[in-house]
Amino acid sequence: VQLQASGGGLAQTGGSLRLSCAASGLTFNRYGMGWFRQAPGKEREFVAAITESGGITYYIDSVKGRFTISRDNDKNTVYLQMNSLKPEDTAVYYCAAGWMKYFSINYRWHRGYDYWGQGTLVTVSS
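Here goes a summary of the coordinates provided. For every chain, the first residue of the written sequence is number 1, and numbering continues from 1 along that sequence. Only residues with pLDDT of 70 or above have their local features reported here, since the model is predicted, and side-chain atom pairs are shown and tallied only from 80 upward, although totals for entire chains, interfaces and linings are computed over all residues. With hydrogens and water set aside, each side-chain value is computed from the structure's full complement of heavy atoms.

### Describing the overall build of the protein chain
Counting its regular elements, the protein chain contains 1 helix and 11 strands. Labels follow the DSSP assignment, with helices taken as runs of H or I lasting at least four residues and strands as runs of E lasting at least two, numbered in each case from the N terminus. In the protein chain, the order of α-helices and β-strands from amino to carboxyl end is β-β-β-β-β-β-β-β-β-α-β-β. Type-normalised accessible area, obtained with a 1.4 Å probe on protein chains alone, sets the label of each residue: buried when under 20%, exposed when over 50%, and partly exposed for intermediate values. Residues classed as buried in the protein chain amount to 44% of the 126 residues present. In this analysis, two residues are considered to be in contact whenever any of their non-hydrogen atoms come within 4.5 Å of each other. Contacts in the protein chain between residues far apart in sequence, at least 24 positions, make up 58% of those at least 6 positions apart. For every accessible area listed, the method is Shrake-Rupley and the probe measures 1.4 Å; residues are considered covered only by the protein chains on display. As presented, the protein chain carries roughly 6,400 Å² of accessible surface, and 46% of it is formed by carbon and sulfur atoms. Considering the protein chain, the positive charge centre built from 13 side chains and the negative charge centre built from 9 side chains are found 1 Å apart. Only four residue types enter the charge count, namely Lys and Arg as positive and Asp and Glu as negative; His and the chain termini do not. Each charge is placed at NZ for Lys, CZ for Arg, CG for Asp and CD for Glu.

### Comments concerning the pattern of salt bridges
A pair is scored as a salt bridge if a Lys or Arg side-chain nitrogen falls within 4 Å of a carboxyl oxygen belonging to Asp or Glu. For the coordinates displayed, the defined rule picks out 4 salt bridges. As a salt-bridge pair, Asp61 and Lys64 come within 3.1 Å of each other at their nearest N and O atoms. Salt bridges linked by common partners bring Arg37, Glu45, Arg66 and Asp89 together as one network.

### As for the side chain of Thr51
As for its placement among the helices and strands, Thr51 is situated in the loop between strand 5 (45–50) and strand 6 (57–59). Residue classification places Thr51 among the buried residues on the basis of a relative accessible area of 9%. Non-local contacts of Thr51, meaning those with residues more than four positions away in its chain, are made with Gly32, Ile56, Tyr58, Arg71 and Phe103.

### Describing the packing of aromatic side chains
Whether two aromatic rings pair depends on their centres lying within 6.5 Å, for rings of Phe, Tyr and Trp, where Trp uses its six-membered ring; planes under 30 degrees apart make the pair stacked, over 60 edge-to-face, and the rest tilted. Taken as a whole and assessed by the stated rule, the structure comprises 9 aromatic pairs. When the ring of Phe36 is compared with that of Phe46, the centres are 5.7 Å apart and the planes differ by 75 degrees; the resulting orientation is edge-to-face. Residue Phe36 is found in strand 4 (residues 31–38), and its partner Phe46 is found in strand 5; the two are separated by 10 residues along the sequence. Looking at Phe36, the relative accessible area reads 0%, which means it is buried. Residue classification places Phe46 among the buried positions, given a relative accessible area of 4%.

### Details of the sheet that holds strand 1 (residues 2–6)
Strands sit in the order 1-3-8-7 across an open sheet of 4 strands; the sheet is antiparallel. Strand pairing shows two members of the sheet lacking a second neighbour, strand 1 and strand 7 (67–72), which therefore form its edges. Strand-to-strand twist in this sheet, taken as the mean axis angle between neighbours without regard to direction, amounts to 15 degrees. For two strands to pair, DSSP has to find at least two bridges joining them. Across 6 bridges, strand 7 lies against strand 8 (residues 77–82) in antiparallel orientation. Residue pairing in the sheet places Arg71 in a bridge with Val78 of strand 8. Note on method: axes are straight lines fitted to C-alpha atoms, helices fitted across the in-contact stretch only, with angles between N-to-C directions ranging 0 to 180 degrees.

### Regarding the pairing of strand 11 (residues 120–125)
Here strand 11 shows a clear split, with Thr120, Val122 and Val124 buried on one side and none of Leu121, Thr123 and Ser125 buried on the other. In this sheet, strand 11 lies alongside strand 9 (residues 91–99) in antiparallel orientation, the contact comprising 3 bridges. Residue pairing for strand 11: Ala91 is matched across the bridge by Val122.

### As for unusual backbone geometry
Despite not being glycine, Asn76 has its phi angle at roughly 55 degrees, a positive value. Among the secondary structure elements, Asn76 is positioned in the loop between strand 7 and strand 8. Judged by its relative accessible area of 24%, Asn76 falls in the partly exposed class.

Have a look at this one:
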């Protein structure tokens, strides 16, 4: 299984970036997908998640209204559209895949995920 995250880079405060995560080696439409991030010196935290069908999405409060998670099951890809970026969004962003059965219970926790991507760096300048 491979999860290849891309789309990170440098953005200004108030700007936008779109992250992508291409999955291979798994039955994509049987996995919920999530995005986590890890800022320097901090623990990895949950950012957003989406169920296997794309019907339900979850967000941490700090990104609600600014970030949108979506997926294209035909392309085996999950996206994170990030708008109105803030310096505190600076982090390495990781995508992850979790088996659908308990996803709605465990989506916020690392234990809810079976596979992880390598991360993509997002830097937001003030």
